[in-house]
Amino acid sequence: MKCCTCLFLFVTFLKVVFLHAFNCCVVSAADGQADKQVGLRDLSEPLIDHSEGQLFLSETFKIIVEEVLCKGTDVTQKVCDWKEPEELAWLLDLELRATGEPQHKLLERVKDVAKYSIKTSHPRFFNQLYGGVDYHSLAGRFLTEALNTNLFTYEVAPVFVLMENEVLRGLRQLVGWTEGDGIFCPGGSTSNMFAMNLARYQLFPEVKSRGLWGLPRLTVFTSSESHYSVKKGAAYLGIGTDNVIVVKVDDGGRMIPKDLDEKIMLAKSQGTVPFLVSCTAGTTVQGAFDPLDHIADVCEKHKLWMHVDAAWGGSVLFSKQHRHLMKGVDRANSVGWNPHKMLVAGLQCSALLLQDTTNLLRRCHSASASYLFQQDKFYDVNLDVGDKSVQCSRKVDCLKLWLMWKAVGSAGLEERVDKAFIHVRYLVEEMKKREGFQLLHEPEFVNVCFWFTPPSMRGNEKHADYQERLAKVAPVIKERMMKQGTMMVGYQPLGNKVNFFRVIAFSPLLSKKDMDFFLDEIERLGNDL
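Here the structure is a predicted model, which means the values were calculated and not measured.

A. Spotlight on the domain arrangement of the chain. When the domains of the chain are assigned, the result is domain 1 (74-80 + 118-147 + 397-528) and domain 2 (150-395). Once you take the C-alpha centre of each, domain 1 and domain 2 turn out to be 28 Å apart. Each partner contributes to the interface: domain 1 provides 39 residues, whereas domain 2 provides 43 residues. Between domain 1 and domain 2, a total of about 3700 Å² is buried, with carbon and sulfur atoms accounting for 68% of that surface. Ranking the residues of domain 1 by area buried against domain 2 places Asp 397, Glu 444 and Phe 445 at the top, with a combined share of 20%. Between the two partners, domain 1 and domain 2, sit three salt bridges.

Below is the structure:
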């Protein structure tokens, strides 16, 4: 296996930190050894042995670096070590018992968890809308976990209240807003639900106290290729999935504004109250960008809240070359954006951005708990941001993005976005040179959707059972690649289109060799079908 020279400084840093902590604790732990009776602990000493615990943590980090960050990013190693559920459960020995295990056994557990987990940082993990690794962001994630703070008041999270505000300000500037609001949410689905709740509250603020009984029938509009969280949000908020009106898309998966306008007028004529249009910038499957400028015209005409789910595609805003894909985003009321996807900030890092300056977020979600949000504190209570969220406990998700952004700057993040588009162009060009690869359409983003037709089926496209047979190809190839561990790529049907592959190419660890390998491997795994 290749040496992980890129991790040398990172590992050195960890060693310094943990050796320092270990040495500090050994002295204090030794002072209490003489008075300790075997198996007994009294109230004069803590239950946690710092020296033992930090030694365990130091050894655990060595395993993480070796198994996850070295082997897990090495193209000569497997993306996954596939095991059937029963065997995997047995190998992991998942049962929890009354007595604990010794440290050496626990370190074996850590190694097994790393070994049998999917290596999402691997250059040949093309399966999801996240992957790769950024070491600055990863350091931020470690630091976040070690500090273990709750981002709800300035008194317990002073650094992160200020940091979150600054990161949100930076993201809003990219959208095109000089003012506004926002909050980090536990995933893009929650951002979409928050936006729906805010749009409803703005129109009917009494819903917060009186509930649904006094409201008219409300309707939401979204495309047929939008994220499923729009329907989940409607169900969760009591709006109902039947009141999510699906708007037609063009061949590339983009919402058709004319159909949106017609469906809004039809809904009004049927006595419903339209209140939200949820657009998508980077759809999950095809990577399509709805025409935001034209949709904004429709929303302004009907006075509807315009939300942009840019969880996947929002990062194009860093690129001068590609930000045109989101032209008109500055006219939206709210934007959801997941830097843990294309920017590789690490799960989870999801921001909801608002153009609102009236404190709508706090007014909609606040409960004013007096044991947390006292109004007579000695500092500016506007810094207590917790009441903007429906959560009480809220993880710090800004540090990983802030540290990465500080490290590479906006220019570095722009380079990542631009490089992803270059890799996709190369992949598509090479795909067109090979027999058996058929694109659904030219990709607009970094999602490349295609069918692979094995040699035995080529030329049989007019046969009655061709589509049925083609639908079986992707699942078989997927099973083979998973069991051999060579790479991972997703597949799915879409509307009347049978199963096709969707390769996601954006990791900063990718090279042209990985693109070539991907095509070769699809052929190798599928040529005999």
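B. Broad picture of the UniProt feature "modified residue: N6-(pyridoxal phosphate)lysine" (unreviewed entry) in the chain. As recorded in UniProt, the feature "modified residue: N6-(pyridoxal phosphate)lysine" (unreviewed entry) lies at Lys 341. Of note, Lys 341 is situated in the loop between strand 7 (334-337) and strand 8 (350-354). Apart from residues lying up to four places away in sequence, Lys 341 is in contact with Leu 129, Tyr 130, Ala 311, Trp 312 and Phe 506.

C. Layout of the packing of helix 3 (residues 85-92) against helix 4 (residues 103-116). It is the contact of helix 3 with helix 4, at a shortest axis distance of 10 Å, that shows an interaxial angle of 155°. It follows from the interaxial angle that helix 3 and helix 4 lie roughly antiparallel. For the pair helix 3 and helix 4, contact is made by Leu 88, Leu 91 and Leu 92 and by Arg 109, Asp 112, Val 113 and Tyr 116, respectively.

D. Focus on the pattern of salt bridges. Summed over the entire model, instances satisfying the criterion amount to 36 salt bridges. Between Asp 514 and Arg 124 there is a salt bridge; the shortest N-O distance is 3.0 Å. Of this pair, Asp 514 sits in helix 15 (residues 512-526) while Arg 124 sits in the loop between helix 4 and strand 1 (125-126), and the two are 390 residues apart along the sequence. Just as Asp 514 is buried, Arg 124 falls in that class too. The salt bridge partner of Asp 384 is Lys 377, with a shortest N-O separation of 2.8 Å. Across this residue pair, the class does not change: Asp 384 and Lys 377 are buried.

The rules behind these values
- Residues numbered from 1 in each chain as written.
- Predicted model: local features only at pLDDT ≥ 70, side-chain atom pairs only at ≥ 80, totals over all residues.
- Heavy atoms only, no water.
- Domains from an automatic or database assignment.
- Contact = heavy atoms within 4.5 Å.
- Buried area = accessible area lost by both parts, 1.4 Å probe.
- Salt bridge = Lys/Arg side-chain N within 4 Å of Asp/Glu carboxyl O.
- UniProt positions renumbered as here; feature names shortened; annotations may be inferred.
- Helix = DSSP H or I, 4+ residues; strand = E, 2+ residues; numbered from the N terminus.
- Axes fitted to C-alpha atoms, helices over the stretch in contact; angles between N-to-C directions.
- Parallel < 35°, antiparallel > 145°, perpendicular 65-115°, else oblique.
- Buried < 20%, exposed > 50% of the residue type's maximum accessible area, 1.4 Å probe, protein only.

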